[in-house]
Amino acid sequence: MNNEKKTEASSLEQRKLDEIEFHNRIRLVTDDPHVADTRWSPEMERTVSENPLWANMKYYSIERRSREYIKNWFSTHCQNARVLDLCCGNGADSIFLAKVCNAEVVGCDLSDVSISNCRALAEREGVAAKTCFDMQDAERMNYPDNSFDVVTEYGALHHVDLPKVYAEIARVLRPGGRAICNETLGHNLAIHWYRKLTPQLRTPWEVEHILKKPQIDLARKYFRKVAVHHYHLATLIAVPFRNTLIFQPLLTILEWLDSIILKIPLLRWQSWQAVIELENPMKEINP
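The paragraphs below set out a description of the structure included in this document.

A tally of regular secondary structure across the protein gives twelve helices and seven strands. Within the protein, the proportion of its 287 residues that are buried is 53%. Pairs at least 24 residues apart make up 78% of the contacts formed inside the protein by residues separated by at least 6 positions. By element, 56% of the accessible surface of the protein is carried by carbon and sulfur atoms, the whole surface being about 13,300 Å².

A separate point is the environment of arginine 202. Relative to the helices and strands, arginine 202 is located in the loop between helix 8 (189–197) and helix 9 (204–208). Given the relative accessible area of 6%, arginine 202 is considered buried. Once the C-alpha coordinates of arginine 202 and asparagine 56 are considered, the two residues, 146 residues apart in sequence, prove to be 9.9 Å apart. When residues no more than four places from it in sequence are discounted, the contact partners of arginine 202 are Phe22, Asn56, Tyr194, Arg195 and Val207. A distance of 3.4 Å separates a polar atom in the side chain of arginine 202 from the backbone oxygen of arginine 195.

Strand-to-strand pairing in sheets goes through backbone hydrogen bonds, with the strands running parallel or antiparallel. Strand order in the open sheet made by the seven strands is 3-2-1-4-5-7-6, with mixed pairing throughout. The strands lining the two open edges of the sheet, one partner per strand, are strand 3 (131–135) and strand 6 (223–231). Averaged over all adjacent pairs, the angle separating strand axes in this sheet is 15°, with direction ignored. In this sheet, strand 5 (residues 173–184) lies alongside strand 4 (residues 148–154) in parallel orientation, the contact comprising six bridges. Of the residues in strand 5, the one forming a bridge with glutamate 153 is cysteine 181.

Tracing the backbone shows proline 204 in helix 9. Overall, proline 204 belongs to the exposed group, its relative accessible area being 66%.

Our focus in this paragraph is the nonpolar core. Counting 31 residues, the largest nonpolar core has Leu84, Leu86, Tyr166, Phe223 and Leu278 as the members making the most contacts within it. For this core, the secondary-structure elements that each account for two or more residues are strand 1 (82–86), strand 2 (104–109), strand 4, helix 7 (162–172), strand 5, strand 6 and strand 7 (273–281). Sort the elements by how many residues they give to this core and helix 7 lands first, with six residues. In contact with leucine 86, not counting residues within four places along its chain, are Cys108, Ala138, Met141, Val151, Thr152, Glu153, Val165 and Ile169. Formed by 24 residues, the second largest nonpolar core is a distinct cluster that contains Ala81, Cys101, Leu121 and Val275.

About the thresholds
- Residues numbered from 1 in each chain as written.
- Predicted model: local features only at pLDDT ≥ 70, side-chain atom pairs only at ≥ 80, totals over all residues.
- Heavy atoms only, no water.
- Helix = DSSP H or I, 4+ residues; strand = E, 2+ residues; numbered from the N terminus.
- Buried < 20%, exposed > 50% of the residue type's maximum accessible area, 1.4 Å probe, protein only.
- Contact = heavy atoms within 4.5 Å.
- Areas by Shrake-Rupley, 256 points an atom, 1.4 Å probe, with all protein chains shown as cover.
- Polar contact = N/O pair within 3.5 Å; in protein donor to acceptor, adjacent residues only side chain to side chain.
- Pairing = 2+ DSSP bridges.
- Axes fitted to C-alpha atoms, helices over the stretch in contact; angles between N-to-C directions.
- Core = buried A, V, L, I, M, F, W, Y, C linked by side-chain atoms within 4.5 Å.

Written as C-alpha cells, this is what we have:
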C-alpha cells in the first residue's frame, strides 16, 4: 500500500483490516468464476484448482438461475441509470452494467487490489469513461445523499455491520430507488458444517455473519418493500458433475426440482442463496 492507503487503513477496525488482507490475496486472481457469467469452463476450473483460496468456487458452477434473474433485473432496471456496485470485487458486474445497460457505474471496495483490477478491466473492456472505482468503507461511504438510482451488491452483506450498510444503501439511493443483493444463507446445517470445516476460505467475521431470515427482515426497517427469491438446494447435487457431459441436463432437471421444493415454506430457507430486492428507501429510519 502507498502512504495514503496506509493512512486510510490506520483508521479502520481490525476486522476490516483482516478483510482487506484476505481479499487482497483472493483478488490476485482477476477472473471471478461466479459473476457476470453462468457458464462453467475449463478456465474457471483451472482457477479453482490452482488457487486454494478459491476452492469453494466450484459450487458457483450451478448458479445459472440466480445469475439469469439478476442479469435480467439489471436489463430492466439499470438502463441509463446511475448505479453503485457496492463491494465490487473485481468489477465484472460493473462492466456488464456499463456495456449492456449503458449505466454510469460507480464501484467501491475496501480492497485496493480489487479497485486496481476493476480499473484495468474497465480499460480492457472499453468502458473506463462510464465507470469509476474507488476505495470506500461500505459502512460510512462519502457519496452524497440521493446519489444513485440503483445499488447492487454480490455476497458482501455478511462481511459488514449490516444495520450500518442497510442505512448507507438507503441514504445514497434516490427516493424510489432500488437495490438488489445476492447472498448466501445460513440456515442449512450441512452448508454451515462445510463452512466450519473450511475456515481458511473465509474470514472469521464472515462465517459468523452469514445472513439468516432475521437479518434479511431487518431490511424492512430501511426499505418499504423487501422481496426474497430463493435459489439452489437440489442443484447443489450437480456440483460434482460440473466437468462431465451430463452436467447441463442434470442441472436443468434439478433447477426444475428447485422451482417446486423452494416454494415450500419449511424448505425455502434451506436454500444456499437468496436474491433480495429492496425498494423505496426510507429517508427517516423507523426506530
